[in-house]
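Secondary and tertiary structure notes
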Amino acid sequence: MESEPWKYEELSDVIEAMCTSKAEEFRLLGYEYVTGKDIWECVSSKYDKEGQPPLYKLVNDIYSLKVTTYMNYLMLAAYRGIT
């Protein structure tokens, strides 16, 4: 069964809340300067290549993001000069 495409504009508040929640989790682990926007940039960076994922995959990608994955993203971004 094919899921309907979702629109970021319709779900932006919900996505922002999920990313903020994940950033708060990272802060509890000692990463004080992580924001919801940082989480979204990390998670959405792979969608540039893959295209828009189904909504369940987006939610899973946000909530299952590990600190090591986020740090790897930051290091690669720094090498590329993105951040």
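Anything mentioned here points back to the structure above.
In this text, all values refer to a predicted model and were calculated from it rather than measured experimentally.

Bringing the overall build of the chain into the picture now. Broken down by element type, the chain carries five helices and zero strands. Secondary structure elements of the chain, listed N to C terminal, follow the sequence α-α-α-α-α. Out of the 83 residues belonging to the chain, those deemed buried represent 29%. Counting only contacts in the chain whose residues sit at least 6 apart along the sequence, the fraction spanning at least 24 positions is 55%. By element, 55% of the accessible surface of the chain is carried by carbon and sulfur atoms, the whole surface being about 6100 Å².

Note on terminology: disulfide describes a covalent bond linking the sulfur atoms of two cysteines. A full pass over the atoms with the stated rule returns zero disulfides. Summary of cysteine pairing: cysteine 42 is not part of a disulfide, and the nearest cysteine sulfur, belonging to cysteine 19, is at 9.7 Å.

This part is about the side chain of aspartate 61. On the secondary structure map, aspartate 61 appears in helix α4 (residues 55-63). For aspartate 61, the contacting residues outside a window of four places in its chain are Val43, Lys46 and Tyr47.

Let us look at a nonpolar patch on the surface. Taken together, the side chains of Met75, Leu76 and Tyr79 define a hydrophobic patch exposed on the protein surface, amounting to about 380 Å² of accessible area. Mapped onto the fold, methionine 75 is located in helix α5 (residues 67-80).

Turning to α5, a few remarks are in order. Counted at 1.5 Å a residue, the expected span for α5 with its 14 residues is 20 Å, and the 20 Å between its end C-alpha atoms agrees. Along α5, the residues that are buried comprise Val67, Tyr70, Tyr73 and Ala77. Taken down its axis, α5 places every buried residue within 120° of arc, on the same side. Exposed and oriented more than 90 degrees from the buried face of α5 are Thr68 and Tyr79. A positive backbone phi angle near 80° is found at glycine 81, which sits one or two residues after α5.

Conventions used here
- Residues numbered from 1 in each chain as written.
- Predicted model: local features only at pLDDT ≥ 70, side-chain atom pairs only at ≥ 80, totals over all residues.
- Heavy atoms only, no water.
- Helix = DSSP H or I, 4+ residues; strand = E, 2+ residues; numbered from the N terminus.
- Buried < 20%, exposed > 50% of the residue type's maximum accessible area, 1.4 Å probe, protein only.
- Contact = heavy atoms within 4.5 Å.
- Areas by Shrake-Rupley, 256 points an atom, 1.4 Å probe, with all protein chains shown as cover.
- Disulfide = S-S within 2.5 Å.
- Patch = residues over 30% accessible without salt bridge, like charges linked within 9 Å, V, L, I, M, F, W, Y side chains within 5 Å.
- Salt bridge = Lys/Arg side-chain N within 4 Å of Asp/Glu carboxyl O.
- Expected span 1.5 Å × (residues − 1).
- Arc of directions from axis to C-beta.

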